[in-house]
Amino acid sequence: MKNGIPLKDRERVEVRLAGMGGQGMVLAGQVLARAAAVYDGKNAVQSQSYGAQQRGGPSQSEVVISTGEIDYPRVVSADILVALTQEACDKHFLNLRKGGILIVDSGLVDRVPTSHAYRVPVTELSRKATGRPIAASIVALGLLAELTGVVSEEALRATLAVESPRGALDLNLRALEAGLEEGRRLKGA
Amino acid sequence: MTDAVGVMLQGNEAVVEGALAAGIGFYGGYPITPASEIAEMMSRRLPQQGGVFIQMEDEIGSLAAVIGASIGGLKAMTATSGPGFSLMQENLGFAAAAEIPCVIVDVQRAGPSTGLPTAPSQGDVMQARWGTHGDHPIIALCPSSVSEAYHLTIRAFNLSEKYRTPVILLMDEVTAHLREKVVLPLPGSVEVVERIQATVPPEWYFPYEETNSDVPPIVSFGEGYRYHIDGLFHDRAGFPTSRLDEIRPWVERVFRKIDRNLADIVHTEEEMTEDATVVLVSYGTTARSARYAMHRARERRKRVGLLTLQTIWPFPEHAVDHLAHQARLILVAEMNRGQILLEVERIVKGRCEVRGVNRADGELVEPRQILDALEQ
């Protein structure tokens, strides 16, 4: 029933960005929420959960974007799941809404539980665009913007301009462009 | 100061912004997950505004320093989580007995003991009320959003100064770490309350004198007024006493100063309760799970309403009492094994069914749990 409405036109959209510590999932969630709330003029909340480890342990960020008030601030069942590790994909796939959008890093996720998934070499794209793997989560945001429309490109650029640490803006913008471009290619295909 | 569309803030950051807006002059604390961001941000922001930040040796010292700073005339605050809040109980009692304004933020994490440092709970509800020994009045406020974290921090300072009492901001880890859009009021548009100053010369001043408001004026140490402050039951001059004709009026006054101002202190919010036969009672982030569940239940034409408690101590007896007349069922949702549930049962006195929707495993109560409880 709800699946008939495009994601970008729904009142409430739930996004889960999952991977491991060090992949920038929490930062990506913060960028997405701020872009949607401050620059796209919607409401957004971001929360995160992670273990005691700084790197290597499971890490995930949840973003709820809404045109109305947001009551429950966590994901009930995700409309969009970005999984950058096999563990994250296995753990969170069952919580993806039926017909929801799954984006996986094809370089790190071998076993994808559905054929309805975007398999994108996210980390590889980050490496190609920036020379480093660490902007993978920003590549993922570019993909998400292009494939779902729940956040605008302009809002993401504006947020990165404010949020990026000194010297990292150029790198982040290149990563974002790589994601957007891949998204356009996939949509055209 | 901010653009009309608002800013993204974390709950802990909103507490800092609220404290600064309320006029905080001193912060003494010891960092602890999930409250550390408050100390971290305060260490940068407070000195910029001419205030003093000290990282103390532990939580016992933290509240001691806060009490001292308050007696010195500054609005003072500390922030901690369960393990640190346990250590603060002794000095919390001192602040209540000596009637020293101060604000204590407890960002609740799953416990007991060191529990789950990064996971939420609402397990400190009864500790906030009775954690320190002896009968004493206390005020505790629970924010359920980042915006409320800002506004209730200001309220905590205002109530603390107005009634010469410690006030606890009882937050949970979810709101503390949630990032959310907040529209901050313009500086100067926030209501800020200052403590009542003495108008008499030093030789006429009694720190615990009976007054019409039941809140005696407080003078900062170092201003030429010599007086005594003691945790022992004290006379109007602040010196220890064992005379019944001095003890009884003191005990009655410290409770009366809160009880006669419940309309000012106790805040709750009702949504869709007009025709409700089932009322959800909740507070903190759990209230948002309840609100979500209420909307889903309304879509199924169930007459469900919500009572959100912003003040949990003193307990909002009147709000619960009048809903007990109309409701068939009251469901109390909280991230503990049923603490506010006991209070609701105490007020309802069997007039309707009361059940808890509880969770104490470090996860937020999910809307589904509440909806399942509605179906039963």
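Conventions and cut-offs
- Residues numbered from 1 in each chain as written.
- Chains lettered and ligands numbered in written order.
- Predicted model: local features only at pLDDT ≥ 70, side-chain atom pairs only at ≥ 80, totals over all residues.
- Helix = DSSP H or I, 4+ residues; strand = E, 2+ residues; numbered from the N terminus.
- Rg over C-alpha atoms; globule rule 2.2 N^0.38 Å.
- Buried ≥ 20, exposed ≤ 12 C-beta atoms within 10 Å, placed from the backbone.
- Contact = placed C-beta atoms within 7 Å.
- Core = buried A, V, L, I, M, F, W, Y, C linked by C-beta atoms within 7 Å.
- Domains from an automatic or database assignment.
- Nonpolar A, V, L, I, M, F, W, Y, C, P; charged D, E, K, R; others polar.
- Pairing = 2+ DSSP bridges.
- Axes fitted to C-alpha atoms, helices over the stretch in contact; angles between N-to-C directions.
- Parallel < 35°, antiparallel > 145°, perpendicular 65-115°, else oblique.
- Left-handed = near helix turned anticlockwise from the far one by under 90°.

### Comments concerning the overall build of chain B
(1) Moving on: What chain B contains, in helices and strands, is 13 helices and 15 strands.
(2) Moving on: Taken against the 2.2 N^0.38 rule, which gives 21 Å for 376 residues, the C-alpha radius of gyration of chain B at 21 Å falls within 12% of a compact globule.
(3) Moving on: Taken over the C-alpha atoms alone, chain B extends approximately 70 × 45 × 40 Å along its principal axes.
(4) Moving on: Per-residue burial for chain B yields a buried fraction of 51% across its 376 residues.
(5) Moving on: Partitioning the intrachain contacts of chain B with sequence separation of at least 6 by distance along the chain shows that 76% fall at a separation of at least 24.

### Quick word on the overall build of chain A
(1) Moving on: A tally of helices and strands in chain A yields six helices and six strands.
(2) Moving on: Of the regular secondary structure in chain A, the N- to C-terminal order runs β-α-β-β-β-α-β-β-α-α-α-α.
(3) Moving on: Compactness check: chain A gives a C-alpha radius of gyration of 15 Å against a globular reference of 16 Å for 189 residues, within 12% of the reference.
(4) Moving on: C-alpha atoms of chain A, sized along the principal axes, occupy 45 × 40 × 35 Å.
(5) Moving on: By sequence separation, contacts in chain A at least 24 residues apart represent 61% of the contacts at least 6 residues apart.

### Things to note about the nonpolar core
(1) Moving on: Ala 140 of chain A together with Val 105 and Leu 280 of chain B are the most contacted members of the largest nonpolar core, which totals 168 residues.
(2) Moving on: Domain assignment of the residues forming this core places at least three in each of domain 1 (7-182) and domain 2 (267-375) of chain B.
(3) Moving on: Filtering out sequence-adjacent residues up to four positions away, Ala 140 of chain A remains in contact with Leu 17, Ala 28, Val 82, Leu 84, Ile 103, Val 122 and Gly 179 of chain A.

### As for the interface of chain A and chain B
Quite often, the size of an interface is put as the accessible area lost when its parts meet.
(1) Moving on: Between chain A and chain B, the contact holds 18 residues from the first and 18 residues from the second.
(2) Moving on: For the side of chain A that touches chain B, the element with the highest residue contribution is strand β2 (residues 43-50) of chain A, accounting for seven residues.
(3) Moving on: Residues belonging to the side of chain A that touches chain B are distributed by class as follows: nine nonpolar, six polar and three charged.

### Let's talk about unusual backbone geometry
Trans peptide bonds make up most of the peptide bonds, and negative phi angles are found at most residues other than glycine.
Residue and element names in this part refer to chain B.
(1) Moving on: Cis geometry is adopted by the peptide bond preceding Pro 34, which originates at Thr 33 and carries an omega value of 5°.
(2) Moving on: Within the element layout of this structure, Pro 34 appears in the loop between β2 (24-29) and α2 (36-48).
(3) Moving on: Here the bond from Gly 111 into Pro 112 is cis, since omega is 15°, no more than 30 degrees from zero.
(4) Moving on: One non-glycine residue with positive phi stands out, namely Glu 99, at about 55°.

### Some details on the domain arrangement of chain B
All names here are of chain B.
(1) Moving on: Domain annotation of chain B identifies domain 1 (7-182) and domain 2 (267-375).
(2) Moving on: One C-alpha centre belongs to domain 1, the other to domain 2, and the line joining them spans 26 Å.
(3) Moving on: Taken together, the contacts link 22 residues of domain 1 with 20 residues of domain 2.
(4) Moving on: Breaking the side of domain 1 that touches domain 2 down by element, the ones donating at least two residues are β6 (116-120), α5 (125-130), β7 (139-141), β8 (166-172) and α7 (173-177).
(5) Moving on: Broken down by element, the side of domain 1 that touches domain 2 gets its largest block of residues, four residues, from α5.
(6) Moving on: Taken together, the residues of the side of domain 1 that touches domain 2 sort by class into 15 nonpolar, five polar and two charged.

### Section: the sheet that holds strand β12 (residues 304-309) of chain B
All names here are of chain B.
(1) Moving on: With mixed pairing, the five strands of this open sheet are ordered in space as β10-β12-β11-β14-β15. If you trace the sheet from one side to the other, it starts and ends with β10 (268-271) and β15 (353-358), each paired once. Strand-to-strand, the axes of this sheet are offset by a mean angle of 20°, without reference to chain direction.
(2) Moving on: Summarising the sheet, β10 and β12 pair through four bridges and their orientation is antiparallel. Looking at the pairing, Thr 268 lines up with Leu 309 of β12.
(3) Moving on: In the packing of helix α13 (residues 367-375) onto the sheet, contacts are made with β11 (278-282), β12, β14 (329-334) and β15, and the angle to β15 comes to roughly 155°.

### With respect to the packing of helix α5 (residues 153-163) of chain A against helix α6 (residues 169-188) of chain A
Residues and elements named next belong to chain A.
(1) Moving on: Direction vectors running N to C along α5 and α6 enclose 160°, while the axes themselves pass 10 Å from each other. Considering the angle they form, α5 stands roughly antiparallel to α6. As for the relative orientation of α5 and α6, their crossing is right-handed in sense. Where α5 approaches α6, its residues Glu 153, Leu 156, Arg 157, Leu 160 and Ala 161 are matched on the opposing element by Leu 169, Asn 172, Leu 173, Leu 176 and Leu 180.
(2) Moving on: Along the lines of polarity and charge, the residues of the contact of α5 with α6 split into seven nonpolar, one polar and two charged.

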